[in-house]
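Here's the letter readout for the chains.
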Amino acid sequence: VLEGITAADEDLGQECRILLNEQSRPSLVIALNGMREFPLMSEITHRVIEVLHADGHDTSPIENVRPRFARAARLMETLNQQLTDEICQEAGYLNLESLVFALKEEQNETAYKAVAQYLEKAGLSLDASQNGSLPNLFQILEENYCGLGSPYKSIVIIFDEFGKYLEFALSKPYIAGSTALQELYEAVQSSSNHVCFIGFIQYELSAYLE
């Protein structure tokens, strides 16, 4: 990001670099690409877990936001070998360990859907009602990873092509509607002491909405 800023404006890039070097701790950066079509909650959670893993931090507090993934992983570990092999094959995973990791550690929606559909055909059902919310997620991030004595000074959301994502959210509300955008707004507002949102657009917002 700093290199990109410097390429556009060398003085501004240098100023940003000096300011960041003065900080004793890094920020947790959530980078989103609005050109891709994704449910907002799933994508942000996935990016958060990805960063926390890369930085060597425990992600178990995140499980509390959407416990259905941890429950699905625990259920998979109780099934017999034949059934787990069939589900892994159906979901596209080599073995039980990789599937459990995708469910519990990555909270992978595609893996969850494949497991849920297979178990439903076998007469078992998973409770998918506990989807969690972005305000809950950011509250947990604040409490566990930000502030004094925590690994991160703040959370920075960098949303590239935010205008294009608005188009997508309006055209496909069943995937990412206005409710998700409202949740994002509320999450940033309620955690404003530690959360900064930066959205990039190429045109006025009204142009995208038209």
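Right above here is the structure, for reference.
Note on numbering: residues in each chain are counted from 1, in written sequence order. Local features in a predicted model are, by the rule used here, given only for residues with pLDDT of at least 70; side-chain atom pairs are given and counted only at 80 or more, and totals for whole chains, interfaces and linings are based on all residues. Hydrogens and water molecules were not included; the side-chain quantities draw on all heavy atoms of the structure.

Caption draft 1: Looking closely at helix H12 (residues 178–190). Comment: elements are numbered from the N terminus, with helices defined as DSSP H or I runs of at least four residues and strands as E runs of at least two. Given a helix with a known number of residues, its expected span is that number minus one, times 1.5 Å. Between the first and last C-alpha of H12 there are 18 Å, a value that for 13 residues agrees with the 18 Å anticipated at 1.5 Å per step. What H12 keeps buried is the set Ala180, Leu181, Leu184, Ala187 and Val188. Take H12 and look down its axis: the buried residues cluster within an arc of 120°, on one side only. Structural note: H12 exposes Ser178, Thr179, Tyr185 and Ser190 on the side pointing more than 90 degrees away from its buried face. By definition, residues are in contact when any of their heavy atoms lie within 4.5 Å. Of the surrounding secondary structure, the elements contacted by the buried residues of H12 are helix H3 (40–54), helix H9 (134–145), strand S2 (155–160), helix H10 (162–171) and strand S3 (195–199). Exposure categories follow from relative accessible area, calculated using a 1.4 Å probe and restricted to protein chains: below 20% of the type maximum is buried, above 50% is exposed, and the middle band is partly exposed. The directions considered for the arc are those from the helix axis to the C-beta atoms.

Caption draft 2: Focus on the packing of aromatic side chains. Paired rings are identified among Phe, Tyr and Trp, the last through its six-membered ring, by centres lying within 6.5 Å, and are further divided according to the angle between planes into stacked (under 30 degrees), edge-to-face (over 60) and tilted (the rest). Applying the stated criterion across every chain, the model contains eight aromatic pairs. Considering the side-chain rings of Phe38 and Tyr165, the 4.9 Å spacing of their centres and the 25° angle between planes classify their relative orientation as stacked. With Phe38 in the loop between strand S1 (28–33) and H3 and Tyr165 in helix H10, the pair connects residues that are 127 residues apart, well separated along the chain. Each member of the pair, Phe38 as well as Tyr165, carries the same accessibility label: buried.

Caption draft 3: Local environment of the pattern of salt bridges. What makes a salt bridge here is a side-chain nitrogen of Lys or Arg within 4 Å of a carboxyl oxygen of Asp or Glu, nothing more. Tallying each qualifying case throughout the model produces five salt bridges. When the shortest N-O distance is used, the salt bridge between Arg47 and Glu43 registers 3.0 Å. One end of the pair, Arg47, and the other, Glu43, are both in helix H3, four residues apart, so they sit about a helical turn from each other. The partner of Glu90 in a salt bridge is Lys121, with the nearest N and O atoms 3.9 Å apart. Here Glu90, found in helix H6 (residues 81–91), pairs with Lys121, found in helix H8 (residues 109–121); they are 31 residues apart in sequence, far enough to count as distant. According to the relative accessible area criterion, Lys121 is exposed, its value standing at 63%. Put simply, Arg36, Glu43, Arg47 and Glu50 are held in one network by salt bridges that share partners.

Caption draft 4: Expanded view of the side chain of Glu161. Following the sequence through the fold, Glu161 ends up in the loop between S2 and H10. For the charge count, each Lys or Arg is scored as positive and each Asp or Glu as negative, with His and the chain ends excluded. Buried and unpaired, Glu161 has Lys164 as its nearest opposite-charge partner, separated by 6.7 Å. Among the polar contacts listed, one links the side chain of Glu161 to the side chain of Gln202, at a separation of 2.9 Å. Once you skip the residues sitting within four places of it in the chain, Glu161 turns out to touch Gly34, Met35, Phe200 and Gln202. Two N or O atoms form a polar contact when they lie within 3.5 Å of each other; inside protein one atom must be a possible hydrogen donor and the other a possible acceptor, and for residues adjacent in sequence the pair counts only when both atoms belong to side chains.

Caption draft 5: Layout of the packing of helix H7 (residues 96–104) against H8. Here, axes are lines fitted to C-alpha atoms. For helices the fit covers the stretch in contact, and angles between N-to-C directions go from 0 to 180 degrees. At their nearest, the axes of H7 and H8 sit 8 Å apart, and the two run at 115° to each other. As for the relative orientation of H7 and H8, their crossing is left-handed in sense. Across the interface between the two elements, Leu99, Ala102 and Leu103 from H7 touch Ala111, Tyr112 and Val115 from H8. Looking at the contact of H7 with H8, its residues break down into six nonpolar, no polar and no charged. We call a crossing left-handed when the near helix sits turned anticlockwise from the far one by less than a right angle, and right-handed when that turn is clockwise. Asp, Glu, Lys and Arg are counted as charged, while Ala, Val, Leu, Ile, Met, Phe, Trp, Tyr, Cys and Pro are counted as nonpolar; the rest, among them Gly, fall into the polar class.

Caption draft 6: Seen up close, the nonpolar core. Counting 34 residues, the largest nonpolar core has Ile30, Leu40, Ile44, Ile62, Leu134 and Phe138 as the members making the most contacts within it. Of all elements in the fold, only S1, H3, H9, S2, H10 and H12 reach the threshold of two or more residues within this core. Residues enter a nonpolar core if they are buried and are Ala, Val, Leu, Ile, Met, Phe, Trp, Tyr or Cys, with the set joined through side-chain atoms within 4.5 Å. With 20 residues, the next largest nonpolar core counts Val100, Ala102, Leu103 and Ala114 among its residues.

Caption draft 7: Highlighting the environment of Leu96. Here Leu96 shows up in helix H7. With a relative accessible area of 22%, Leu96 lands in the partly exposed category. Counting along the chain gives 23 residues from Leu96 to Ala73, while the straight-line C-alpha distance between them is 9.4 Å. What Leu96 contacts, discounting residues up to four positions off in sequence, is Met76, Glu77, Thr84 and Cys88.

Caption draft 8: How the structure looks around the packing of H6 against H8. Between H6 and H8, the least distance of the axes is 9 Å, while the angle of their chain directions is 130°. The angle between H6 and H8 places the two elements in the oblique class. Crossing of H6 against H8: the hand is right-handed. Taking contact as the criterion, the partners of Leu83, Glu86, Ile87, Glu90 and Ala91 in H6 are, on H8, Ala114, Val115, Tyr118, Leu119 and Lys121. Looking at the contact of H6 with H8, its residues break down into seven nonpolar, no polar and three charged. Angles are sorted into four bins: roughly parallel if under 35 degrees, roughly antiparallel if over 145, roughly perpendicular if 65 to 115, and oblique for all others.

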